[in-house]
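# Topology and contacts: notes
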Amino acid sequence: MQLEEYLARDDRIVLPLGSTEQHAYLSLGTDAILAERVSVEAAEPLGVPVLPALPYGLTPYFGAFPGSPTLRVDTFLAVLRDLLDSLLGQGFRRFLLVNGHGGNMPGAALAAEWMAANPGAQALFFSWWNAPSTWAVVERIDPEASHASWLESFPWTRLEGVELPDERKPMVDVARLRAEDPAGVRRLLGDGSYGGVYRRPDDEVLEIWRSGVEEVREVLEHGWR
């Protein structure tokens, strides 16, 4: 009933996109946790509803790490299309897909294709962590930032009782990684991190977080045509 009342004055809604996959010493749900939380914090002052994060995405390369289920590409795209179609039928017209997982990038093409087929609606695909302003903060703090490194080590993605290593892990050769099957990916990665330090001071990661929230809010408020 609250959403029915909301639709009488606004047609925006946020769908966070995550993944459930290994993150070295961090939560398997890191990508979904971050996508949903950054969406909620960005949307709350605007009164825009945020759906629960889609917890599964595209992560076939981590298939040798237990607890890392993947959808097929066509399944993932079909799920996104079904969600957009059904929400459109309920009266929503502007959709912000806040992505928290690099493997989900095929969703950007789906959003553009869907929008072309539904000219009265808009679907924006936005990866929060590497958007221009937020990534500029990351690079200023420490450019060696990637999967399961300090960049994703927030107070709400760390696991109770799990200690993070103190050393700086050498960055993986991403080109070589992309040539490997899941077993080869696990051999190259070891603990699952792509490299860099595992944790930086909270004041630094929270600076990144604030930038991410502000950038998502800017798109949600002003990114529509």
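All of the points below concern the structure found in this document. (Residues numbered from 1 in each chain as written. Predicted model: local features only at pLDDT ≥ 70, side-chain atom pairs only at ≥ 80, totals over all residues. Heavy atoms only, no water.)

### Focus: the sheet that holds strand 1 (residues 12–17)
Under the convention used in this document: Pairing between strands is defined by DSSP: at least two bridges between them are needed. Every helix listed is a DSSP run of H or I at least four residues long, and every strand listed is a run of E at least two residues long, numbered separately from the N terminus. To obtain each axis, a line is fitted to C-alpha atoms, and for helices this fit is confined to the stretch in contact; angles are then taken between N-to-C directions over 0 to 180 degrees.
On the basis of which strands lie adjacent, the open sheet formed by 3 strands has the order 1-2-3 and parallel pairing. Only two strands of the sheet have a single neighbouring strand rather than two, namely strand 1 and strand 3 (122–127). The mean inter-strand angle of the sheet, taken between neighbouring strand axes irrespective of direction, is 20°. Two elements, strand 2 (residues 94–99) and strand 3, share 6 bridges in a ladder whose sense is parallel. What sits directly across from Arg 94, in strand 3, is Gln 122.

### Remarks on the nonpolar core
Short version of the rule: Throughout this description, the term nonpolar core refers to a set of buried Ala, Val, Leu, Ile, Met, Phe, Trp, Tyr and Cys residues connected via side-chain atoms within 4.5 Å. For the exposure calls, accessible area comes from a 1.4 Å probe over protein chains only, and a residue counts as buried if that area is under 20% of its type's maximum, exposed if over 50%, partly exposed in between. By the convention used here, residues are in contact when the closest approach between their heavy atoms is within 4.5 Å.
Counting 49 residues, the largest nonpolar core has Phe 95, Leu 96, Trp 128, Trp 150 and Val 216 as its most contacted members. Breaking this core down by element, the ones donating at least two residues are strand 1, helix 2 (30–43), helix 3 (73–89), strand 2, helix 4 (106–117), strand 3, helix 5 (132–141) and helix 8 (202–222). A total of 7 residues in this core trace back to one element, the largest contributor, which is helix 8. Those residues in contact with Trp 150 that lie beyond four places of it in its chain are Val 138, Ile 141, Asp 142, Glu 144, Ala 145, Val 197, Tyr 198, Arg 199, Arg 200, Val 205 and Ile 208. Membership of the second largest hydrophobic core comes to 7 residues, among which are Phe 65, Val 172, Leu 177 and Leu 189.

### Considerations on helix 2
Since the α-helix turns once every 3.6 residues, residues separated by three or four places project in the same direction. Applicable threshold: A helix is expected to span 1.5 Å for every residue after the first.
The terminal C-alpha atoms of helix 2 lie 20 Å apart, and with 14 residues this matches the ideal 20 Å at 1.5 Å per residue to within 8%. Along helix 2, the positions that sit buried rather than exposed are Thr 30, Asp 31, Ala 32, Leu 34, Ala 35, Val 38, Ser 39, Ala 42 and Ala 43. Where the residues of helix 2 are buried, they touch strand 1, strand 2 and helix 8.

### With respect to the side chain of Arg 12
The cut-off we apply is this: Throughout this description, a polar contact denotes any pair of N or O atoms lying within 3.5 Å of each other; where both atoms belong to protein, one of them has to be capable of donating a hydrogen while the other can accept it, and for residues adjacent in sequence the pair is counted only when both atoms sit in side chains.
Its place among the elements puts Arg 12 in strand 1. Here Asp 10 takes part through its side chain, which lies 2.7 Å from a polar atom of the side chain of Arg 12. There is a polar contact of 3.1 Å between the side chain of Arg 12 and the backbone oxygen of Leu 220. Residues within four places of Arg 12 in sequence aside, it is in contact with Tyr 6, Leu 46, Val 48, Pro 49, Phe 92, Arg 94, Leu 220, Glu 221 and Trp 224.

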